[in-house]
Amino acid sequence: MTGKTRTHYLKGLNVVEIGSRISVAVCGSLLAEAGADVFFVEPPEARRPDSRKWLNRGLFAAGKSSVVADPQNDDDRAMVAALIRAADVVLISGDVDADWRAEAADTTIICDFTAFGQDGVMAGKPFDDALVQAMSGVAHTTGFADGPPVTLRVPLLEYSTGAYGASAVIAAVNLRDQGGATERIDMALYDSGVNALATFLPAHFGGKSPMRVGNQHAMCAPWNAYRASDGWVLLCSASNPPWQRLCEVMGTPEHASDPRYAELAARMDNRDAVNDIVQGWMGRHSVEDATRRLMAANVACGPILRLEDGAKDANLRHRTMIRHVPDGDGEMRLPGAVLKAASGDGCVADHIPALDEARGRVEDFIRGAKARDPEGQGGDLPLRGIRVLEIGQYTTAPLSTRHLATLGAEVIKIEPPAGDAARDWLPKNDGLSIFFVMSNAGKTSISLDLATDEGQAIFTQLLQSADIFMENLKPGSLARRGFGAERLAEINPRLIYCAISGFGADSAYEERPAFDTVVQAMAGMMSANASDGVPLKSGVSACDFMGGELGLFFVLAALRNRERTGLGDCLDLSMQDIAVWMTASLWGDERPREDLVLECSDGYVCIAGTEDALNAAGAPDQWRAMSRDEVIDILGKTGLMAAPVQSIADMLEHPQTQARALLQMHEGPDGNTWPLLGSPMKFSTLQPDIAEVIGWPQKVDTAMRARLKIKP
């Protein structure tokens, strides 16, 4: 491990965090971990809004400089206005707080976090995370097939929007420093929710109606939570080889060649029978015995842990992801640094700041602030001229590089001769997976065999020309080909190399295979979201896309640091670390779970309020006889906010989705029309580019060598 050395990628960047949304706090915390100086503006305790940010004040204030400002005090308001004018970046939440945008200087980057953004029919509605889960289709995907939709206890969309917002901030700062315009950034929870549906949207465009699948996967089987003799085990199989190995472990090798189960499509058609086979074997073994046998056979799996089990997990201990820091006369449990890099760990707090402890620093900062150059006029995309290499599969690294491409980077996706396994995921359009195309828009794909001398020589030349290299392979895979982290640094000292894996490259679980749901299981997320005593995963691939989002942010931060220092870095990101970091707001929450989801005559409605308030408004039988619109209208008159739980089709047809350009149809090189996700990062002038559809991988022939500037 890197120990106590800290990495200050964003040294010199000054940020004011003033909004009450969790997404504001998440963005501020990421910027602080990357080395920015964040002023945490908070109201006096007696005037705090009823917000989960303030219920978790210690968690979200950690690593920042506290300054208390009473909104009813003229001097405090003047101080905040001066602080905003002096800062590089200001983080607000305009739909639930006062709008401070008018106080900003022309050269101050404002990032506004809201439920729905600043345009569209839903703009300005101050919905919370659960209500936006309902509106965006995320809640529709979570829950068991024969049960109601479930909203996640982890504020997933607030975290996702905060992470995307942090990346948008760095992109905007880089653009401004290049002489471009000063951006006003518009971040919406709804946009992040739609972007989270990448594993469900393909089914819709394949002519099906995506539904809840419990702990299963929409496109793979077997993939489920199975009850062992003394607990629960999560098992994932995404392709035929792990299914064949699983059959050997279970002592039923005949199932590997049985026409009902041999191929992925057949297993999906016979998923109930497949689950029965696996459950029959799992129930005869303990959690420890089952996971040991499966891991030995290289089958992705993991025990389903509770939130309180994190301190006992060997890998979380190894990576120092559970810490206790001073908080007044006591101490508080906090997550460790998500960023682990060769240059050091991310900057994390050594104490919880006392209220207003940075007042003197704020006054000094305001007095010493210097005026920035006047605002630029437009400009190119901020990553134009940056070359990115990707060896990625499925979701995580491909998501990071897809967004780098939207910001102007040249992304070269390197696939093995057999292609990315996700190319086989159903449904397909003219033989090519819709999921794969959605996940890899804007890239150039090449086929390269790293087992050959020629393939290694070409890869070495590409590394020499690259600025960023991202991969989410099983740790150790590249090192076995002669491309470990030290070798990469020798080839290109300026290279920013980011590896994203389930448990990290520096791990107590060496080379353990992992998928999103295994990580959810081993970070406490599934137990936290248990329904009727059964652990439950989020329908969307929460750890996959959050791993990709944080990879995107930290790579952008490292790139900015390279402009200052000339040095590259090696980043080791663990999806388990990220998942634990996301659950921290639940660590002190001992309240029983309340799923305020009502069944109506035409679907479900999600409620923001307490069970008592809902019961006072009417009886359950009353709601079941009414339409969703009728129920929402009645509840609104009693002061309760509510939203329909929209299906994927509902969401795609909703005018808010269209107003935000969240799903766009583009023609590919094959002449087919493909659905592509719009960027959740919205800027006032900068327009992320998603127009290019990826095709089949190309051989590195003479023409491709010339295009990539590779020597013969």
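Our subject is the structure listed above.
The notes below deal with the structure included here. Values in this document were obtained by computation on a predicted structure and should not be read as measured data. (Residues numbered from 1 in each chain as written. Predicted model: local features only at pLDDT ≥ 70, side-chain atom pairs only at ≥ 80, totals over all residues. Heavy atoms only, no water.)

### Observations regarding the overall build of the protein chain
Link 1 in the chain: A tally of regular secondary structure across the protein chain gives 29 helices and 28 strands.
Link 2 in the chain: A globule of 712 residues ought to have a C-alpha radius of gyration of about 27 Å, and the protein chain, at 25 Å, matches this closely.
Link 3 in the chain: Principal-axis analysis of the C-alpha atoms gives the protein chain an extent of 75 × 70 × 55 Å.
Link 4 in the chain: Looking at the protein chain as a whole, 62% of its 712 residues are labelled buried. (Helix = DSSP H or I, 4+ residues; strand = E, 2+ residues; numbered from the N terminus. Rg over C-alpha atoms; globule rule 2.2 N^0.38 Å. Buried < 20%, exposed > 50% of the residue type's maximum accessible area, 1.4 Å probe, protein only.)

### Regarding the pattern of salt bridges
Should their charged atoms come close, side chains of opposite charge can pair.
Link 1 in the chain: Applying the stated criterion across every chain, the model contains 39 salt bridges.
Link 2 in the chain: Here glutamate 415 and arginine 423 are joined by a salt bridge, their closest N and O atoms 2.6 Å apart.
Link 3 in the chain: Ionic pairing is found between aspartate 633 and lysine 637, a salt bridge with its closest N-O pair at 3.4 Å. Of this pair, aspartate 633 and lysine 637 both sit in helix α26 (residues 628-637), separated by four residues, roughly a single helical turn.
Link 4 in the chain: On the basis of relative accessibility, which here comes to 42%, the residue aspartate 633 falls in the partly exposed class.
Link 5 in the chain: Residue class for lysine 637 comes out exposed when judged on its relative accessible area of 68%.
Link 6 in the chain: Each of Asp119, Asp186, Asp191 and Arg660 takes part in a single network of salt bridges with overlapping partners. (Salt bridge = Lys/Arg side-chain N within 4 Å of Asp/Glu carboxyl O.)

### Considering the pairing of strand β19 (residues 468-471)
Link 1 in the chain: Side chains Ile468 and Met470 of β19 all project onto a buried face; the interleaved residues Phe469 and Glu471 project onto the opposite face, where all are buried too.
Link 2 in the chain: As judged from the four bridges shared by strand β14 (residues 387-391) and β19, these two strands associate in the parallel manner. Paired with glutamate 390 across the two strands is methionine 470, which belongs to β19.
Link 3 in the chain: Where β19 and strand β20 (residues 496-501) come together, four bridges link them in parallel fashion. Opposite isoleucine 468, over in β20, you have isoleucine 496 as the bridge partner.
Link 4 in the chain: Regarding topology, helix α19 (residues 485-491) serves as the crossover connection from β19 to the parallel β20, and that connection is right-handed. (Pairing = 2+ DSSP bridges. Right-handed = clockwise from strand over helix to strand, strands pointing away.)

### Brief notes about the packing of helix α1 (residues 22-33) against helix α7 (residues 156-177)
Link 1 in the chain: Axis separation between α1 and α7 bottoms out at 7 Å; the angle between their running directions is 50 degrees. By the angle between their directions, the pair α1 and α7 is classed as oblique. Our pair here, α1 against α7, has a crossing hand that is right-handed. Side by side, α1 and α7 meet where Ile22, Ser23, Val26, Cys27, Leu30 and Leu31 of the first sit next to Glu158, Tyr159, Thr161, Gly162, Ala163, Gly165, Ala166, Val169 and Ile170 of the second.
Link 2 in the chain: Looking at the contact of α1 with α7 residue by residue, the class counts come to 10 nonpolar, four polar and one charged. (Axes fitted to C-alpha atoms, helices over the stretch in contact; angles between N-to-C directions. Parallel < 35°, antiparallel > 145°, perpendicular 65-115°, else oblique. Left-handed = near helix turned anticlockwise from the far one by under 90°. Contact = heavy atoms within 4.5 Å. Nonpolar A, V, L, I, M, F, W, Y, C, P; charged D, E, K, R; others polar.)

### Some details on unusual backbone geometry
Link 1 in the chain: Along the chain, alanine 221 connects to proline 222 via a cis peptide bond; the corresponding omega equals 0 degrees.
Link 2 in the chain: Look at the link from leucine 426 to proline 427: it is a cis peptide, with omega at 0 degrees.
Link 3 in the chain: Among the secondary structure elements, proline 427 is positioned in the loop between β15 (410-415) and β16 (428-429).
Link 4 in the chain: You will see that asparagine 298, though not glycine, has its phi angle at about 60 degrees, which is positive.
Link 5 in the chain: Relative to the helices and strands, asparagine 298 resides in the loop between α13 (287-296) and β9 (300-303).
Link 6 in the chain: A positive phi is found at tyrosine 394, a non-glycine position, where the angle reads about 60 degrees.
Link 7 in the chain: Considering the arrangement of structural elements, one finds tyrosine 394 in the loop between β14 and α16 (396-406).

### Examining the pairing of strand β7 (residues 223-228)
Link 1 in the chain: Most of β7 sits inside the fold, with five of its six residues counted as buried.
Link 2 in the chain: Where β7 and strand β8 (residues 231-236) come together, six bridges link them in antiparallel fashion. Opposite alanine 225, over in β8, you have leucine 234 as the bridge partner.
Link 3 in the chain: The antiparallel hairpin formed by β7 and β8 contains two residues in its connecting segment.

### Some remarks on empty space enclosed by the protein
Link 1 in the chain: Across all of its chains, the model carries five cavities of 30 Å³ or more by this definition.
Link 2 in the chain: Space inside the largest cavity adds up to approximately 250 Å³.
Link 3 in the chain: Around the largest cavity sit 19 residues that line it, and Ser29, Leu59, Ala62, Pro335 and Trp581 are the ones nearest its centre.
Link 4 in the chain: Of the residues assigned to the lining of the largest cavity, the class counts are 14 nonpolar, three polar and two charged.
Link 5 in the chain: The space that makes up the second largest cavity amounts to roughly 120 Å³.
Link 6 in the chain: In terms of lining, the second largest cavity is formed by 13 residues, of which the most central are Asn195, Ala198, Thr395, Leu399 and Phe545.
Link 7 in the chain: Counting residues per element, the ones that place at least two in the lining of the second largest cavity are α16 and α17 (434-439). (1 Å grid on protein atoms, 1.4 Å probe; cavity = no way out; pocket = protein on both sides within 12 Å on 5 of 7 lines; lining within 4 Å. Points joined across faces, edges and corners; volume = space filled by probe spheres on them.)

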